[in-house]
Amino acid sequence: MTENEFSSIVKEYTDRYFLINGKRPGVFVRTFGCQQNEADSEILTGIAVELGYEKADSENGAELVIFNTCAVREHAELKALSITGQLKHLKNANPDMIIAVCGCMVAQEHRLNTIRQSYPYVDIIFGTASHSRLPEYLSGVIRDRERIFSPDDSYEIEEGLPVKRESDFKAWVSIMYGCDNFCTYCVVPYVRGRERSRRREDILSEVRTLVSEGVKEITLLGQNVNSYGKTLYDNYDFADLLTDICKIEGDYIIRFMTSHPKDATKKLVDVMAANSTNQSRPRIARSFHLPLQSGSDDILKKMNRHYSTENYLSFVSYLRDKIPDIAISTDIIVGFPTETEEDFEKTLEMLNKVRYDAFFSFIYSIRQGTPAAKMEQVPDKVKSERFSRMLDLQNSISLEKNALYVGNTERVLVEGISKTDSDMLTGRNEKNRLVHFKGKECLIGSFAYVKITRADTYCLTGELAKEET
Ligand code: SF4
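Residues numbered from 1 in each chain as written. Predicted model: local features only at pLDDT ≥ 70, side-chain atom pairs only at ≥ 80, totals over all residues. Heavy atoms only, no water.

> Give me the lowdown on the sheet that holds strand 14 (residues 358-363), citing residues and values where you can.
Read across the sheet, three strands follow the order 12-13-14 without closing on themselves; strand pairing throughout is parallel. Two strands in the sheet have a free side with no partner beyond their single neighbour: strand 12 (287-289) and strand 14. On average, each strand axis in the sheet is inclined to that of its neighbour by 15°, with strand direction left out of account. Packing of helix 11 (residues 309-322) onto the sheet brings it into contact with strand 12 and strand 13 (327-334), and relative to strand 13 it is tilted by some 160°. (Pairing = 2+ DSSP bridges. Helix = DSSP H or I, 4+ residues; strand = E, 2+ residues; numbered from the N terminus. Axes fitted to C-alpha atoms, helices over the stretch in contact; angles between N-to-C directions. Contact = heavy atoms within 4.5 Å.)

> Let's hear about the packing of aromatic side chains: which residues, and what values?
A complete count under the given rule lists 12 aromatic pairs for this structure. Taken together, a centroid distance of 5.1 Å and an interplanar angle of 80° make the contact between Phe238 and Phe256 edge-to-face. Taken as a pair, Phe238 in helix 8 (residues 238-246) and Phe256 in strand 11 (residues 253-257) lie far apart in primary sequence, 18 residues in all. Judged by relative accessible area, which is 10%, Phe256 ranks as buried. Between Phe288 and Phe315, the aromatic rings sit 5.6 Å apart at their centres with planes inclined by 65°, giving edge-to-face as the arrangement. Of this pair, Phe288 sits in strand 12 while Phe315 sits in helix 11, and the two are 27 residues apart along the sequence. Its relative accessible area of 9% is what places Phe315 among the buried residues. Among the aromatic residues, those joined into a cluster by ring pairs are Phe238, Phe256, Phe288 and Phe315. Geometry around Phe18 places Arg24 over its ring, the cationic atom sitting 5.0 Å from the centre. (Phe/Tyr/Trp six-rings, centres within 6.5 Å; stacked < 30°, edge-to-face > 60°. Buried < 20%, exposed > 50% of the residue type's maximum accessible area, 1.4 Å probe, protein only. Lys NZ or Arg CZ within 6 Å of the ring centre and 35° of its normal.)

> Break down the environment of Val412 for me, citing the residues and quoting the values.
Following the sequence through the fold, Val412 ends up in strand 15 (residues 409-417). On the basis of relative accessible area, Val412 is assigned to the buried category, the value being 0%. Once the C-alpha coordinates of Val412 and Phe315 are considered, the two residues, 97 residues apart in sequence, prove to be 28 Å apart.

Right, dumping it as structure tokens:
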């Protein structure tokens, strides 16, 4: 059968549902994990909407539920399995409901088998790279009520798929997929395949469309954006791509993530500096996420990270030389196998030396099939104790750095109403700091200037100074 025939079967079903029920069947996609998964979920929702589904706010009452799962840490997998278990009673109440589980977790054979054997009410299981086949999978369930298991067998880049974005003013744009780095703790290369970059024409065209639709913040995504272009073989790299994107006229700001320190270049910093400093409306956000993972060179070697703390510090120094007020954030793994107290203290030293604006820290968890899983493990109690010491240190640094904003007027992209205080709006400044302030709801989706009056560890508070014209 052709793709069109699969789609027709699903559309007939959704049209029939509409005639009988007076409403379109709902689709709910729940996302676990990273921004790449969020971007993938927007594509899955987009495909379902094009097939005649309507976006639903929760699993309750949805006729199609898709769980897009994560495998980066064990905790994320256990959470996904537990919430999948809760779908059983919904399926019992509505046997026509279709349940799909996809993403990194089920791209691992052992997890796919777990879902296949222990969750018989899950109808479809597919991996990370075959979103375009969703109509085929759905038509199989609708027509034959068969269960479908489709591990990834190809990692082709799929262009032109429909997208239903969560936000009208913020957008993810994937510039590459997969990873070739094989850090010894990470499953990504096994579940998302080898590194492959999108063609620059496709990326530039997507960014142009987003800007013309009024999107204000575009985040370029990749497991390692700094190696963008390596699979295109024409010497066009990430810095070149940023340069071309910045030529697109409009009122928007560019962010990117994630950067591998071994591939971060001076050329990239120079392009950032040219498009972010001495400008009231910088094109590239003055913030850089640079995962350190560990401050011990021995541990970095065991992680297969291919940089030393010396290389890392030298890049940070170049970055701060060219963009003095840049905000730098990082990822740290605590308790990597064989990490000694001395190794850990070297990580604390790095936090003190770099003085990050923010960090994301994780307690190491074993990922089946990775080399680190076979190394000598650090006891859980030691890992937890180190984690809390590190958090205390970084919190004090973050608070100190946030205090420097008090008195400044910050340009903030207003994202919505604060989750903790419905009287306040919330947004992020260029440096990715969360800013709360009082203002009218009509400001959501636009830039505003906020005078900062108070600093806390994780956020800033201020007063609206002026709206951007
Ligand atoms: S760079 Fe390392 S940590 Fe990042 S996705 Fe690739 S293998 Fe995983």
